[in-house]
Amino acid sequence: MAEVPSPQMTEQLDNEEVREILKNTTDLRQYSRQIEKEFKEVENKSIEDYIAESQNIANLHNQINDCDDVLERMENMLMSFQSVLNNISTEITQLQRKSVSMSLQLTNRQSVKAQLSQFIEDMAVSEEMINIIMETPVTERDFSTQLNVLNHKLSLVKELSFNESKSTSDVSDVLQKLRLKAMAKIRSYLLEQIYKFRKPMTNYQIPQNAMLKHKFFFEFILSNERHVAQEICSEYIDTMGKIYYSYFKSYSTRLTSLKFEESCTKDDLMGIEDNASKGLFSKTTSLKHKSTIFTIGKRGDILNQQLEAPIIVPHAQLKNRYTVEALFRSEQYALVDNACREYLFVTEFFMVRGTQAQDLFNQIMGKTLTLMIKNLETSIHDCFDTIAMFLCIHLIFRYQLMCHKRCVPALDKYWDSLQAVIWPRLELVFRLNIQSIHDCDPTKFNKELGPHYITRRYAEFSAAIVGISEHFPNELVSRLLLELQNEVECFILRMAAIFPTRKDQLIYLINNYDLVLGVLMEHTRDNSKEAEAFREQLNSRSAEYVEEILAPHFGGIIQFVKECEHFFEKEQMDELRKQERRSLALVASFSANWKKSLEELNREVLLSFPSLLTGSQLLQLALASLVQYYHRFHKLLTPNARAQLTNIHVVMVEIKKYKSNY
């Protein structure tokens, strides 16, 4: 597109053209006439062109008019289309509004239809339901299904009746008749199952399982007729209460007949001397052998492998006899098994929890539990078997834990009652044992250097109690064990005092301490308080005994070391040289007798201790102490005396001959 010249540029061009004309022409008028002439010629030519093209121009005018007519018709047509489109848009809007309205009406009708259909279905009583409730046995699946439907209809009618709904009047009579019929059939069935418990030799788990299978029956009765539900519950409580009471009363009586015929008495306390007139009973029906009274043996298995073993069947075990704890375990395990199953049944079938479940359980099992507590009081009243009572307490701990694992807290008070019966008796008998040791007169016993039988009893008894209580420690038991330990230590010291020489006293003390420590370490942890106490005593007495047995053979050297060692430490060599004559005598005596002394030392130690291991350990301890004294003695000698002393390597070779293989 050509650029349009600005007014300034046009004016500039005109001025240049004027200057050019003025420059080339001298007469402006002549130039003007020339220009006019040229304009005239151009005008004439234009007229001629218009005349020549007049027909074309006329045609063009006609064509333009025709175009105007066409455009006018098109405009009219488009205006018509616009009017039609406006009408269509209005109709679409109206249709959309009608569609929304119809959709809302449809939704409302469907909602009403669903609710109304459900309501009609809930309210209507079908012929099928009437026939099944009236004719079908309660054990059939169809009866349970229709009973659920009936229960739902009854609940709905009850709810609508509060709102005074007129629709309930059409079906309430039919539903009430069906309810009464269903109630009667269910009541008869449940009472029939309960009465089955009363038959002799009945496995009551079978009717219980049948009742659990139809536990909805009781829920139906409870929600519709509470007095009938109470009747069934009361009948069940009365029946099962009598069954459990009768069973456990008979079972306890028959178990009692399997107890050892001769049990522990007050004459079987730890400090009471074995009486030859009583003897070591050879009959299998006695537990009166002193070694079994204070030794646990395999009785501890009752807390582990035998904890859940099958209960004792009295009529099948008439020839066998059992310990107190074995009978107690069988009775309590039978109770745990039955009580846990009963508690879980009543919570599930009667739909009770918490205190309600506890109350219902107590109504069923209360009389039985009271009977078993009284039976325990009777049997424990004259019991002097401390280990048996302690095992019973730990059986209680384990069975209570077992009940908790089964989610049955109902027996907690019962377990507390049993402990309240056993603990006072256990403490009493424990203290009687302590007192029996306190009352012992050492002068009445034989002067034997071996372990005393009271020490052996204590060792076995203490190991048993500590081993049993390892998983369930008890402050009272720990205190009683400490009192017993102190009393036994005092008794051992009193017994040692009857020996005239210190060496014999030490031998007696070591034999007794070693026995106790050995038994404790065999049956308990190495770091138990009791083991640590006796280990300390044994180490102390062993060190003193070593000094005592070395003195007759090497006392001169030991005395010399103790008296002169401080001169060496203070570098008072002149004082040591003054002791040369004494040291030479000691060197000569040692060189002449040391081998013989070692033989006598070996023989004396091994003969003094019944335990070869203990004797060997003490001998090695004595020889090690001798070597230490010998080294210290060697340092204190003058060069002259040191040259005459037997070489330490020669001594060591000889000492190695006494090295034990134990």
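To be clear, the structure that these remarks concern was listed above.
Fair warning: this is a prediction, and the values are worked out from it, not measured in the lab.

1. Looking at the overall build of the protein
- Helix and strand counts for the protein come out as 23 helices and zero strands.
- By residue count, 39% of the 662 residues in the protein fall in the buried class.
- Sequence separation of 24 or more characterises 77% of the internal contacts of the protein that already satisfy a separation of 6 or more.
- As displayed, the protein has an accessible area near 39,000 Å², and 54% of this comes from carbon and sulfur atoms.

2. Points about the packing of helix H20 (residues 580-608) against helix H23 (residues 648-656)
- Interaxial distance between H20 and H23 falls to 10 Å at its minimum, and their mutual angle equals 15°. One finds that H20 runs roughly parallel with respect to H23. Once H20 is placed against H23, the crossing between them reads as right-handed. Here Phe590, Trp594, Lys595 and Leu598 of H20 lie close against H23, whose contacting residues are Val650, Val651, Glu654 and Ile655.

3. A short note on unusual backbone geometry
- Phi is positive for Met351, close to 55°, though the residue is something other than glycine.
- Following the sequence through the fold, Met351 ends up in the loop between helix H11 (324-349) and helix H12 (354-380).
- A positive phi is found at Cys407, a non-glycine position, where the angle reads about 65°.
- Looking at the secondary structure, you find Cys407 in the loop between helix H13 (386-405) and helix H14 (412-438).

4. Looking at the environment of Gly555
- Here Gly555 lies in helix H18 (residues 529-569).
- Judged by relative accessible area, Gly555 falls into the partly exposed class, the value being 21%.

5. Brief notes about the environment of Leu269
- Residue placement: Leu269 occurs in the loop between helix H9 (226-256) and helix H10 (290-293).
- Once the C-alpha coordinates of Leu269 and Ile293 are considered, the two residues, 24 residues apart in sequence, prove to be 8.9 Å apart.

6. Quick notes on the packing of helix H21 (residues 612-636) against H23
- At a minimum axis distance of 12 Å, the contact between H21 and H23 shows a crossing angle of 175°. Taken together, the axes of H21 and H23 are roughly antiparallel relative to one another. Where H21 approaches H23, its residues Leu623, Val627, Tyr630 and His631 are matched on the opposing element by Ile648, Val651, Met652 and Ile655.
- In the contact of H21 with H23, the residues fall into seven nonpolar, one polar and no charged.

7. Examining the side chain of Arg179
- You can see Arg179 is positioned in helix H6 (residues 172-196).
- Residue Arg179 is classed as buried on the basis of its relative accessible area of 11%.
- The contact partners of Arg179, leaving out residues within four places of it in the chain, are Leu150, Leu154, Phe220, Asn224 and Glu225.

8. Regarding the pattern of salt bridges
- Scanning the entire structure with this criterion turns up 18 salt bridges.
- A salt bridge links Arg341 to Asp337; its shortest N-O distance comes to 3.8 Å. Residue Arg341 and its partner Asp337 are both found in helix H11; the two are separated by four residues, about one turn of the helix.
- Linking Lys657 and Glu654 is a salt bridge whose minimum nitrogen-to-oxygen distance equals 3.1 Å.

Cut-offs applied
Residues numbered from 1 in each chain as written. Predicted model: local features only at pLDDT ≥ 70, side-chain atom pairs only at ≥ 80, totals over all residues. Heavy atoms only, no water. Helix = DSSP H or I, 4+ residues; strand = E, 2+ residues; numbered from the N terminus. Buried < 20%, exposed > 50% of the residue type's maximum accessible area, 1.4 Å probe, protein only. Contact = heavy atoms within 4.5 Å. Areas by Shrake-Rupley, 256 points an atom, 1.4 Å probe, with all protein chains shown as cover. Axes fitted to C-alpha atoms, helices over the stretch in contact; angles between N-to-C directions. Parallel < 35°, antiparallel > 145°, perpendicular 65-115°, else oblique. Left-handed = near helix turned anticlockwise from the far one by under 90°. Nonpolar A, V, L, I, M, F, W, Y, C, P; charged D, E, K, R; others polar. Salt bridge = Lys/Arg side-chain N within 4 Å of Asp/Glu carboxyl O.

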